[in-house]
Structure formats: structure tokens, C-alpha cells
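As a plain string of letters, each chain reads:
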Amino acid sequence: MPANLPDRDLGFETRAIHAGQPPDPTTGSVIPPVYLTSTYAQEQVGLTKGFEYSRTGNPTRTMLEENIASLEGGAHGLAFASGMAAITTLLLTLKPSDHIVLGDDVYGGTYRLLDRTLRQYGIAFTLADMTRPDAVEAAITPETKMLWAETPTNPLMKVLDIGMLAERAEAHGAHLVVDNTFASPYIQRPLEHGAHIVVHSATKYLGGHSDVVLGLLVTNDDAVQQHVAFNQNSVGAVPGPLDCFLVLRGIKTLAVRMREHSANAQQVAEYLEAHPAVERVYFPGLASDPGYEVARRQMRLPGGMLSFTIRGGEDAARRFVSCTRLFTLAESLGGVESLIEHPGAMTHASLAGSSIEIGADLIRLSVGIESADDLLQDLDEAFSAI
Ligand SMILES: *Cc1c(COP(=O)(O)O)cnc(C)c1O
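Keep in mind that what you see is a predicted model, and the values were worked out from it rather than measured.

K.L.:
Sorry, what's going on with the packing of aromatic side chains here?
P.N.:
In this description, an aromatic ring pair is defined by two values, namely the gap between the centres and the angle between the planes. Taken as a whole and assessed by the stated rule, the structure comprises 7 aromatic pairs. Residues Tyr-111 and Phe-125 carry aromatic rings whose centres are separated by 6.0 Å and whose planes lie at 85° to one another, so their mutual orientation is edge-to-face. Within this pair, whereas Tyr-111 is found in helix 4 (residues 108-117), its partner Phe-125 is found in strand 3 (residues 124-128), the two being separated by 14 residues in sequence. The exposure class assigned to Phe-125 is buried, which follows from its relative accessible area of 18%. Ring geometry for Tyr-271 versus Phe-383: centroids 6.3 Å apart, planes at 45°, classification tilted. Taken as a pair, Tyr-271 in helix 10 (residues 254-273) and Phe-383 in helix 13 (residues 372-385) lie far apart in primary sequence, 112 residues in all. You'll find Tyr-271 and Phe-383 in the same group, each marked buried. Chaining the aromatic ring pairs together yields one cluster made of Tyr-271, Phe-308, Phe-320 and Phe-383. For the cation-ring pair, Arg-300 lies above Tyr-186, with the distance from its terminal atom to the ring centre recorded as 4.0 Å.

K.L.:
I would appreciate a short explanation of the domain arrangement of the protein chain in the present structure.
P.N.:
The extent of an interface is frequently quoted as the accessible surface area lost upon association of the parts. In terms of domains, the protein chain is made up of domain 1 (12-251) and domain 2 (254-385). With centres defined by C-alpha atoms, the gap from domain 1 to domain 2 works out at 26 Å. Facing 37 residues of domain 1, the contacting portion of domain 2 comprises 41 residues. Both faces considered, domain 1 and domain 2 share a buried interface measuring about 3,200 Å² in area, 62% of it formed by carbon and sulfur atoms.

K.L.:
Explain the site of the ligand here, please?
P.N.:
The environment of the ligand is formed by 13 residues, the closest being Met-84, Asp-179, Ser-201, Thr-203 and Lys-204. Met-84 is positioned with one of its backbone polar atoms (N or O) 2.8 Å from an oxygen atom of the ligand. In this structure, an oxygen atom belonging to the ligand sits 2.7 Å away from a side-chain N or O atom of Thr-203. Relative to its unbound accessible surface of 380 Å², the ligand loses 92% to contact with the protein. A per-element tally of the shell around the ligand places helix 3 (residues 83-91) first, with 3 residues. When the residues that make up the shell around the ligand are grouped by side-chain class, the tally is 6 nonpolar, 5 polar and 2 charged.

K.L.:
What's the story with the pairing of strand 3 in this structure? I'm lost.
P.N.:
A regular strand carries its side chains on alternate faces of the sheet. Looking at chain direction, strand 2 (residues 99-103) and strand 3 are connected through 5 bridges and run parallel. When the bridges of strand 3 are listed, Leu-102 appears paired with Leu-127. Each parallel crossover has a hand, and for strand 2 linked through helix 4 to strand 3 it is right-handed.

K.L.:
Just checking my understanding: could you explain the nonpolar core for this structure?
P.N.:
Among the nonpolar cores identified, the biggest contains 40 residues, and Leu-64, Leu-206, Leu-214, Leu-216 and Val-247 are the most heavily contacted of them. Contributions of two or more residues to this core are made by helix 1 (12-18), helix 2 (59-72), helix 7 (184-187), strand 7 (215-219), helix 9 (241-252), helix 10 and helix 11 (292-298). With 6 residues, the single largest contributor to this core is helix 9. For this core, the two domains that each supply at least three residues are domain 1 (12-251) and domain 2 (254-385). In this structure Leu-206 touches Ile-68, Pro-185, His-200, Leu-216, Val-247, Gly-250, Ile-251, Leu-254 and Arg-257, once residues within four positions along its chain are discounted.

K.L.:
Whenever I open this one, the sheet that holds strand 6 (residues 197-201) confuses me. Can you help?
P.N.:
Remark on secondary structure: sheet strands pair via backbone hydrogen bonds, oriented parallel or antiparallel. In space, the 7 strands of this open sheet follow the order 1-7-6-5-4-2-3, with mixed pairing throughout. Each having just a single partner strand, strand 1 (76-80) and strand 3 make up the two edges of the open sheet. This sheet shows a mean twist of 20° between the axes of neighbouring strands, independent of strand direction. Inspection of the sheet shows strand 2 paired to strand 4 (residues 144-150) by 4 bridges, in the parallel sense. Looking across to strand 4, one finds that His-99 is bridged to Thr-144.

K.L.:
Looking at this structure, I do not really get the pattern of salt bridges. What am I missing?
P.N.:
Oppositely charged side chains are able to pair whenever their charged atoms sit close together. Applying the stated criterion across every chain yields a total of 15 salt bridges. Lys-158 is the partner of Asp-104 in a salt bridge, and the nearest nitrogen-oxygen pair spans 2.9 Å. Of the two residues, Asp-104 sits in the loop between strand 2 and helix 4 while Lys-158 sits in the loop between strand 4 and helix 6 (162-171), which places them 54 residues apart along the sequence. Residues Glu-341 and Arg-364 are paired through a salt bridge, measuring 3.2 Å at the closest nitrogen-oxygen approach. Here Glu-341 is found in strand 11 (residues 339-341), whereas its partner Arg-364 is found in strand 12 (residues 362-366), with 23 residues between them in sequence. Relative accessible area serves as the criterion here: at 1%, Glu-341 is assigned to the buried category.

K.L.:
What is the right way to read the environment of His-18 from this model?
P.N.:
Within the secondary structure, His-18 is located in helix 1. What makes His-18 partly exposed here is its relative accessible area of 33%. As for His-18 and Met-63, which are separated by 45 residues in sequence, their C-alpha atoms are 9.8 Å apart.

Conventions we followed
Residues numbered from 1 in each chain as written. Predicted model: local features only at pLDDT ≥ 70, side-chain atom pairs only at ≥ 80, totals over all residues. Heavy atoms only, no water. Phe/Tyr/Trp six-rings, centres within 6.5 Å; stacked < 30°, edge-to-face > 60°. Helix = DSSP H or I, 4+ residues; strand = E, 2+ residues; numbered from the N terminus. Buried < 20%, exposed > 50% of the residue type's maximum accessible area, 1.4 Å probe, protein only. Lys NZ or Arg CZ within 6 Å of the ring centre and 35° of its normal. Domains from an automatic or database assignment. Contact = heavy atoms within 4.5 Å. Buried area = accessible area lost by both parts, 1.4 Å probe. Near = heavy atom within 4 Å. Polar contact = N/O pair within 3.5 Å; in protein donor to acceptor, adjacent residues only side chain to side chain. Areas by Shrake-Rupley, 256 points an atom, 1.4 Å probe, with all protein chains shown as cover. Nonpolar A, V, L, I, M, F, W, Y, C, P; charged D, E, K, R; others polar. Pairing = 2+ DSSP bridges. Right-handed = clockwise from strand over helix to strand, strands pointing away. Core = buried A, V, L, I, M, F, W, Y, C linked by side-chain atoms within 4.5 Å. Axes fitted to C-alpha atoms, helices over the stretch in contact; angles between N-to-C directions. Salt bridge = Lys/Arg side-chain N within 4 Å of Asp/Glu carboxyl O.

Shown next, in the form of C-alpha cells:
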């Protein structure tokens, strides 16, 4: 926390705006400067102001790293070129024959990384239904070094009990990693529930405006921080300073955006649940959702993501996603604008043929912060048009 801020616990909204970014000491600039430099002058050999070369460190990046550490309640933050760069750099701390247990509807990119890229380096993994403690136990082997959880999951919005998973990880000497992309730290802080490492695709809610690709990692574990930072400098998976600036700017409004995303998603979920053309809605803010109770314990709000199955199967789903006008047909999520997609043919197409079952009648929404009435009307018109 910068020295000029009050020396007491500050609220989330305050830290989102100020943590890691005091006014610039040389000019007074209130907004973080974008340090577009690759290298730094040294007064004598080795006598620096803390920066030598921008792959190793850059002041704009440091501000973002301190900011996200504060928001997640962790000691250390690291910023990467993308969410996948953060995940890859972390997984490169593993050795051949090490094993990971992942949720069975893990983010498709993470699955592909393990299945197609890291397999040749001998890193093994097992998919499990991580809502069930017995399934997690059954998947753990003596070589298990990480439990990997996303909650809510993508695209089925299953809610995993972070505290339960942290206990299972501890009991086996493994680390619990939580991909907190869908919730964001405003809604859920996994380290407070015992997770060891948090990763983010800041491309989504943290950036919040669909204009930047960036990844983040937070941990309280000094050894993990040192190992990942060493790997990051070795492999060079770093973000540019302008991208760091964009995420710092996005985070300033994270709390207000997440409140609006959640309120709009709740209205959309209730509308869909009552609609005769909808088979099932997956959203942890509905009392009928299997994740509702755990979500109430570990999430401040249900978030802005939901999925539903439509009657009429794949044909109806494909027609529906091209009939909405405010919900834009696109991959990704977490921006202020509403998006719609067909996971089976888009984000989760790389899972085809794997054990992960994504129905062809499933539609995923990233509910934006437009007027809720307009969003409901857009969905209504799409149901009439198909
Ligand atoms: C998008 C996403 C990622 C990957 O992040 P990129 O920034 O696209 O590399 C990882 N996990 C989840 C849950 C995501 O939604």
C-alpha cells in the first residue's frame, strides 16, 4: 500500500482504485504512467532503482502486481502476457511424472495445454467431478502436486467448495490452485478459504472492457512466488506496460461493474428459468441451482455468467445465438457488453471427443451491464425469431 494512504484497513473499492499506484513521485501524475521502456539507466554497474530490463520488471507492471495482490488478499502478485501464459508458467514449476487433478469442465485452453502441449513433458493429469469430495480423493495419487479448480466452472457454472478442496490438498501435501476468472476478487477471494495460488485471465472481468489480453497470479507462498517469477523471466511470458495500464484502469471500476453484472444476470436467469423454450438454467444465484448454498458461503454475489439448455437441440441453439442483437455472438466474457456463444461449437470445441460432455443444446451468456430491460427484450425477440 502506498505510503500516502491512510494506515488502516481499506475497503475493496478503495484498494481497487489506489493500491500499488500512488501519484507519480516525479510529476504528480494521478494516473499510473505507462513506462514504455525496455531498459533502465544504471548509475554504476549494478546500481539501479530496482529495474534493469523490462522482461524482468517494469514499473507499470509492478503497480498492477501490487494492486491484484491487495485485492486477492495475497502477499505476491505477478502479471503475464495472457491467462494462459500465467497458467503455463505456473505449470512449468512441475516435473516429469508430477500429477494434477482438474475439474471435469475445466477451461478448454487449460485442458488443451495439458492434453496437447505439456503431455510430452511427462506431466500427468486426471479429470474429476470436483463438487464431490470422494471423486477428488479417488483421483489423487502419490504424485499429485496440484488440485486445479475453477469456480464457478465454465460453461456449466458448477460451484466448487474451495475450503473443502484446500483441506484435501493439504492432506496430500499438494497445492490448491483456483482459477478465479469467472468470479473476480470482488466476488470471491480463494486465498481466504485456504487456496495456495490464484490465477486469472484478466482479459475478462478485471480488464472488463474486452480491449486487452493479460494474465495474473497471486500467492502468499514465498517459494511459489520465487519459482514462478524465475520461470516467468526465463520463458518471457510478460505483458506490455500499456496492457498493464489498461487492466489497472479496468480494475478501478471492478466493484461497481460486478454488482451490475450480477444484478442483470439474476434477472436474465429468472426470466430464462420461467421460459417454456428453456430446459435448464445453470446459474448459482438461483435457489434451484445445486451450487446455490456453497455460493452463498464463499461468493459475495453470483456473478455475470450463466448457461442454459434450449428445447429443440443443436439446431435451435445455433439459430438462437445468431438471432440476438444486443448479445453479440463471440467468444470470451467479462466485458461491459453482453455476449452469447455456443460452447459445443466455439469455446469448448477442442473438447470434442474427450470425456468432458458439453451438450450441443447449451448456450452461454456473459451478461453485460446494459439496461436489463433491453437485454430481456433482446432474448424475448430471439426466442420469437427461431
Ligand atoms: C479466458 C480464460 C483463461 C485463459 O485466459 P487468456 O487471457 O485468454 O489466455 C483461463 N481460464 C479461464 C476460466 C478463462 O475464462
